[in-house]
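Okay, here's what each chain looks like letter by letter:
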Amino acid sequence: MIKDEYYTLSNGVLIPKIGFGTWQVASGEECYNSVLAAINAGYKSIDTAYAYDNEVSVGKAIKDSGVKREELFITTKLPSDIKNYDDTIKYFNESLKNLGLDYLDLYLIHAPWPWSNVGLDCTEGNIEAYKAMIDLYKMGKIRSIGVSNFLESDVNSLIEATGFTPHVNQMRYFIGNTQEHLYNYFNKHNILIEAYSPLGTGGILNNEIINKLALKYKVTPAQLAIRYCLEKGTRPLPKSVHEERILANLAVDFKISNSDLKILDKLEVDPSLKRKLRS
Ligand code: A2P
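Residues numbered from 1 in each chain as written. Predicted model: local features only at pLDDT ≥ 70, side-chain atom pairs only at ≥ 80, totals over all residues. Heavy atoms only, no water.

Side note on the site of the ligand
Then step 1. Close to the ligand lie 15 residues; L199, T201, K239, S240 and R245 are nearest.
Then step 2. One of the side-chain N or O atoms of H242 is found 3.1 Å from an oxygen atom in the ligand.
Then step 3. Taking 570 Å² as the accessible area of the ligand by itself, protein coverage stands at 81%.
Then step 4. Grouping the constituent residues of the shell around the ligand by class yields 6 nonpolar, 7 polar and 2 charged. (Near = heavy atom within 4 Å. Polar contact = N/O pair within 3.5 Å; in protein donor to acceptor, adjacent residues only side chain to side chain. Areas by Shrake-Rupley, 256 points an atom, 1.4 Å probe, with all protein chains shown as cover. Nonpolar A, V, L, I, M, F, W, Y, C, P; charged D, E, K, R; others polar.)

Quick notes on the packing of aromatic side chains
When we look at a pair of aromatic rings, we describe it by the centre distance and by the angle of the planes.
Then step 1. Enumeration over the complete set of coordinates arrives at 9 aromatic pairs.
Then step 2. A ring pair is formed by W113 and W115, whose centres lie 5.4 Å apart and whose planes are at 75 degrees; its orientation type is edge-to-face.
Then step 3. Judged by relative accessible area, W113 falls into the buried class, the value being 11%.
Then step 4. On the accessibility criterion, W115 (24% relative accessible area) is partly exposed.
Then step 5. With centroids separated by 6.0 Å and ring planes inclined at 40 degrees, the aromatic side chains of Y217 and F254 adopt a geometry described as tilted. Of this pair, Y217 sits in helix α7 (residues 208-217) while F254 sits in the loop between α9 (243-248) and α10 (258-265), and the two are 37 residues apart along the sequence. Comparing Y217 with F254, the two get one shared label, buried. (Phe/Tyr/Trp six-rings, centres within 6.5 Å; stacked < 30°, edge-to-face > 60°. Buried < 20%, exposed > 50% of the residue type's maximum accessible area, 1.4 Å probe, protein only. Helix = DSSP H or I, 4+ residues; strand = E, 2+ residues; numbered from the N terminus.)

Description of the packing of helix α4 (residues 123-138) against helix α5 (residues 152-162)
Then step 1. One way to put it is that α4 packs onto α5 with a least axis distance of 10 Å and a crossing angle of 60 degrees. Judged on the interaxial angle alone, α5 and α4 are oblique. Note that α4 runs across α5; the crossing there is right-handed. Residue-level contacts link T123, N126, I127, Y130, K131 and I134 of α4 to S157, L158, A161 and T162 of α5. (Axes fitted to C-alpha atoms, helices over the stretch in contact; angles between N-to-C directions. Parallel < 35°, antiparallel > 145°, perpendicular 65-115°, else oblique. Left-handed = near helix turned anticlockwise from the far one by under 90°. Contact = heavy atoms within 4.5 Å.)

So, the pairing of strand β9 (residues 192-196)
Then step 1. For β9, a buried count of 5 out of 5 residues is recorded, marking the element as mostly surrounded by other parts of the structure.
Then step 2. Neither face of β9 is open: one carries L192, E194 and Y196, the other I193 and A195, and all of them are buried.
Then step 3. The sheet contact formed by strand β8 (residues 168-172) and β9 spans 5 bridges and is parallel. Note that in β9 the partner of N169 across the bridge is I193.
Then step 4. A crossover links β8 with its parallel partner β9, the connecting element being helix α6 (residues 180-188), and its sense is right-handed. (Pairing = 2+ DSSP bridges. Right-handed = clockwise from strand over helix to strand, strands pointing away.)

Points about α10
Then step 1. Considered for burial, the residues of α10 that qualify are D260, L261 and L264. Taken down its axis, α10 places every buried residue within 105 degrees of arc, on the same side. Facing away from the buried side of α10, by more than 90 degrees, are the exposed residues N258 and K262.
Then step 2. Of the surrounding elements, those touching the buried residues of α10 are α7 and α8 (221-231). (Arc of directions from axis to C-beta.)

Some thoughts on the sheet that holds strand β6 (residues 106-109)
Then step 1. The parallel open sheet is built from 8 strands, whose spatial order is β3-β4-β5-β6-β7-β8-β9-β10. One side of each edge strand has no neighbouring strand; the edge strands of this open sheet are β3 (20-21) and β10 (235-236).
Then step 2. Strands in contact with α6 are β8 and β9; relative to β8, the strand with the most contacts, it is inclined by about 170 degrees.

Observations regarding the packing of helix α1 (residues 29-41) against helix α2 (residues 55-65)
Then step 1. Relative orientation of the contacting elements α1 and α2 amounts to 40 degrees, with a least axis distance of 8 Å. Here α2 runs oblique to α1, going by the angle between their axes. In this structure, the crossing between α1 and α2 has a hand that is right-handed. For the pair α1 and α2, the contacting residues are C31, Y32, V35, L36 and I39 in the first and S57, V58, K60, A61, I62, D64 and S65 in the second.
Then step 2. Here the contact of α1 with α2 is built from residues that sort into 8 nonpolar, 2 polar and 2 charged.

Things to note about helix α3 (residues 85-99)
Then step 1. Between its first and last C-alpha, α3 extends 21 Å over 15 residues, near the 21 Å set by a 1.5 Å rise per residue.
Then step 2. Buried positions along α3 lie against α2, β5 (73-78), β6 and α4.
Then step 3. Capping of α3 at its N-terminal end is provided by N84; its side-chain oxygen lies 3.3 Å from the backbone amide nitrogen of D86.
Then step 4. A positive phi of about 70 degrees marks G100, the residue just after α3. (Expected span 1.5 Å × (residues − 1).)

In short, the description is geometric, and any link to function would need to be established separately.
Structural data, given as C-alpha cells:
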C-alpha cells in the first residue's frame, strides 16, 4: 500500500512516497487536528516550513500521536529571506525547537529569493545557506537536504560551488503543470521531485477530463491527481483540514494506464493555476 512505500534518495535515505502538506493550515487547533488525523490515517511524513508559522502545532501533534520519531519523516524549510551561513544555523535550531525535535529528516531552502522580492539574484546567499545545511547534514542533524522553487541555474550554482547535489527539490507540480524541462533536469541529476499543490491547490478538481477519468477508475478527482504524481515518480504533498479527505487522499492504490497517463500529460488546465507559487 502506498502509505507503506518509500522512495530511496541519492544518499540511501528512505522517504515515504506521500507526505502530508501543511501550507495554509492555521497554527493551533486546525493544524494540530489535521496533522494528528494525518498521522492516525497512516501518513508517515509531514511537510511544514518556518514561514507557515505552524511548526509548534505540527510538533505537538507529532508528539501526541505516540508514533515513534524514527517512523516519521519530517520536513521543514529555511525562510526565504535567510541567505547567509550563521542565520541558517540559527533558524534551523529555531525550527527544531518549534517542532520539539532533535533532528530533521529533510531541510529545504524555501525559495531561491525572498518572497518579498521574487526573482532577485541571491546566488551567493543561497550558496552560504546551502553550505550551512551541508555542515548540519554532516553533523547528523539533518538526514537529507534540498531546495524548493529552484530553477536549473539555481541548482547548478549550488552544485558547482559545493560539489554537493541536493537530495530533493520541491516544486509546484500537478496535472497540467508538469514543467517538463525542470522535471527532466531533476530526474537526470537523481534529485527527487516533491510535488507541492498536487491538486493545483484544489484548482484542477473541476476539470472535465480529470473528472471523466476519475469516474473510469472509480476514484475521486483528487485521488486521480495524487496518483498521477506517483505514476510520474514524484512525491505528492496533498493538504487538507478535513479528516475524510485526509484519509481519502492516502487511498491511491490503483494504477493509471499508460494511455490515460498520456492524456493527462497533455492536459491543458486553467493557465492562472500555473503562475502561482507557494510560499
Ligand atoms: P481542505 O483543506 O478544505 O480540504 P493542494 O494539496 O494542491 O495544495 O490542495 C489543497 C486544497 O484542496 C485545499 O483547498 C483543500 O481543502 C482541497 N482538498 C484537499 N483534498 C481534497 C479532496 N480530497 N477533495 C476536494 N478538495 C480537496
